[in-house]
Amino acid sequence: MSLSQMLWAQASPIPMLETTANNIIAALKQNKAQLKKNHNIIYQAVQQYLLPNVDLNGMARSVVGRQAWNKASAHDKQEFTQVFTQLVVRTYSNPLAEYTNETVKFLPIRASGERFARVNSIIIRSNGQNIPLSYSLVAKNNGWKIYDLSVEGVSLLQSFRSQFGQILQSSDMQGLITQMRQNKKAA
């Protein structure tokens, strides 16, 4: 069996995505009355259920670009990945404070290569304004990992890459980390 056949022989990423979404939704439902006042409930659910299924190291490398990543020290890479992880959690969590019994419907997989898959989903809202959400995934040794999310066609990875690229034009990785920490305090 070739490597590509072995990778595609892995289970579909949809059950993992469904389980992740259902666990987060269950946590939101259980704490619905407190969500707007206590974002830590949401952050904890995202950290517990989503982050284990995200390729954070791959995302971190990708959003700063090869040149900046290769120039950075091992310490700066580790520090950036930690700060970036916090940003991903906040970015994914903030809209969840407005949770009003939404559900998620997953559509069939769209393959985009031997190691990659794209799964489209729809967040079904009670007010009828559904939100398209796409997951880009990569097959790793330990299963499928999310490396990008696109909400209504806007890629999280591309948005961060654009923001960070502007900062990195006039600064280095440590300057980017400092800026990210300052932005976190202002948020």
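Anything mentioned here points back to the structure above.
Summary of the structure given here. (Residues numbered from 1 in each chain as written. Predicted model: local features only at pLDDT ≥ 70, side-chain atom pairs only at ≥ 80, totals over all residues. Heavy atoms only, no water.)

Describing unusual backbone geometry
- Residues other than glycine seldom take positive phi values, yet N101 does so here, at roughly 65 degrees.
- Checked against the element boundaries, N101 lands in the loop between α6 (74–93) and β1 (103–111).
- Relative accessible area serves as the criterion here: at 44%, N101 is assigned to the partly exposed category.
- Residues other than glycine seldom take positive phi values, yet E152 does so here, at roughly 50 degrees.
- Note that E152 resides in the loop between β4 (143–151) and β5 (154–155).
- The exposure class of E152 is exposed, given its relative accessible area of 55%. (Helix = DSSP H or I, 4+ residues; strand = E, 2+ residues; numbered from the N terminus. Buried < 20%, exposed > 50% of the residue type's maximum accessible area, 1.4 Å probe, protein only.)

Comments concerning the packing of helix α2 (residues 14–30) against helix α3 (residues 39–50)
- Following both chains from N to C, one finds α2 and α3 inclined at 160 degrees, their axes separated by 9 Å at the closest point. As far as their axial angle goes, α3 and α2 are roughly antiparallel. Where α2 crosses over α3, the handedness of that crossing is right-handed. When α2 is examined against α3, the residues T20, N23, I24, A27 and L28 are found in contact with a partner set consisting of I42, A45, Y49 and L50.
- Here the residues of the contact of α2 with α3 sort into seven nonpolar, two polar and no charged. (Axes fitted to C-alpha atoms, helices over the stretch in contact; angles between N-to-C directions. Parallel < 35°, antiparallel > 145°, perpendicular 65-115°, else oblique. Left-handed = near helix turned anticlockwise from the far one by under 90°. Contact = heavy atoms within 4.5 Å. Nonpolar A, V, L, I, M, F, W, Y, C, P; charged D, E, K, R; others polar.)

Some words on the layout of surface pockets
- Approximately 580 Å³ is the volume attributed to the largest pocket.
- Taken together, 24 residues form the lining of the largest pocket, with Y92, P95, L96, I123 and L133 sitting closest to its centre.
- Those elements giving two or more residues to the lining of the largest pocket turn out to be α2, α6, β3 (131–140), β4, β5 and α7 (156–170).
- The leading source of residues in the lining of the largest pocket is α2, at four residues.
- Here the lining of the largest pocket is built from residues that sort into 17 nonpolar, four polar and three charged.
- Of the volumes computed, that of the second largest pocket is approximately 220 Å³.
- Secondary structure elements with two or more residues in the lining of the second largest pocket: α6, α7 and α8 (173–186).
- If one sorts the elements of the lining of the second largest pocket by residue count, α6 sits on top with five residues. (1 Å grid on protein atoms, 1.4 Å probe; cavity = no way out; pocket = protein on both sides within 12 Å on 5 of 7 lines; lining within 4 Å. Points joined across faces, edges and corners; volume = space filled by probe spheres on them.)

Shape is all these values report; function is a separate question.
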